[in-house]
Amino acid sequence: MTAVAGFMPAGLALTVRAMVADSAKGPRPSLTETLFALFLRLVAVGSLWFALQYWAMLTGFSFGGQGRFDLLPPAWKAAYTALAVLFPVAAVGLWLLVSWGPVIWLIAAATEIAMHEVYPSTFGVNRLLVFTHGAVALLFVLFRITLFIQRRRQVRTVRTDSP
């Protein structure tokens, strides 16, 4: 049996080519869908960055060890530990483009917004963080509205049962 490209027998290569040619080709994603996927992946990278910052602080790798878990007040322990778990989970969900990714991100972002807006005496004020989370949430909603409108138009124009 001869090998094609050094790793696959020739007979198998022909079978694979036939299978690929036989495969159903789905519709290509629209520009909006592609941009939305890119947006979610960028938010995933940001979430991973937040997660790494929280873990670095809790383990003593940042702030000269002053943010270690055993040195934090109880409110900070609860909030920072929850965020250190929520952000990496959100990052995975956002990267994989699954439905629960934005939900977990929203919980983490709402927690950070509440920390800095509802309890500023405990956690301090961080307007840039609050604005950034709000802007990301607004962009997400705008993308979802745009995708909804696009899909509704597509369903109206392509109907097999239309007279």
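My aim in this report is to walk through the structure given alongside it, one point at a time.

## Remarks on the packing of helix α2 (residues 31-59) against helix α3 (residues 74-95)
Interaxial distance between α2 and α3 falls to 8 Å at its minimum, and their mutual angle equals 155 degrees. Comparing their axes, α3 and α2 come out roughly antiparallel. Regarding α2 and α3, the two cross each other, and that crossing is left-handed. The residue inventory of the contact of α2 with α3, partitioned by class, reads 20 nonpolar, 2 polar and 1 charged.

## Observations regarding the pattern of salt bridges
Summed over all chains, the structure comprises 3 salt bridges. Among the ionic pairs, Arg 127 bridges to Glu 117, the shortest N-O distance being 2.5 Å. Pair noted here: Arg 127 is in helix α6 (residues 127-157) and Glu 117 is in helix α4 (residues 100-117), with a separation of 10 residues, a long-range link.

## Some points on the packing of aromatic side chains
Two aromatic rings, taken as a pair, are described by how far apart their centres are and by the angle between their planes. By the definition in use, this model includes 9 aromatic pairs. Aromatic pair Trp 76 and Phe 123: ring centres 5.8 Å apart, planes at 25 degrees, arrangement stacked. Placement of Trp 76 in helix α3 and of Phe 123 in helix α5 (residues 120-123) is noted, with a sequence separation of 47 residues between them. A relative accessible area of 12% means that Phe 123 is categorised as buried. Following the ring pairs from residue to residue traces out a cluster consisting of Phe 50, Tyr 54, Trp 76, Tyr 80, Phe 87 and Phe 123. The ring centre of Trp 95 lies 4.9 Å from the NZ or CZ of Arg 41, which sits over that ring. In this structure, Lys 77 packs its charged tip against the face of Phe 69, placed 5.1 Å from the ring centre.

The rules behind the values
- Residues numbered from 1 in each chain as written.
- Predicted model: local features only at pLDDT ≥ 70, side-chain atom pairs only at ≥ 80, totals over all residues.
- Heavy atoms only, no water.
- Axes fitted to C-alpha atoms, helices over the stretch in contact; angles between N-to-C directions.
- Helix = DSSP H or I, 4+ residues; strand = E, 2+ residues; numbered from the N terminus.
- Parallel < 35°, antiparallel > 145°, perpendicular 65-115°, else oblique.
- Left-handed = near helix turned anticlockwise from the far one by under 90°.
- Nonpolar A, V, L, I, M, F, W, Y, C, P; charged D, E, K, R; others polar.
- Salt bridge = Lys/Arg side-chain N within 4 Å of Asp/Glu carboxyl O.
- Phe/Tyr/Trp six-rings, centres within 6.5 Å; stacked < 30°, edge-to-face > 60°.
- Buried < 20%, exposed > 50% of the residue type's maximum accessible area, 1.4 Å probe, protein only.
- Lys NZ or Arg CZ within 6 Å of the ring centre and 35° of its normal.

In short, geometric facts, not functional conclusions.
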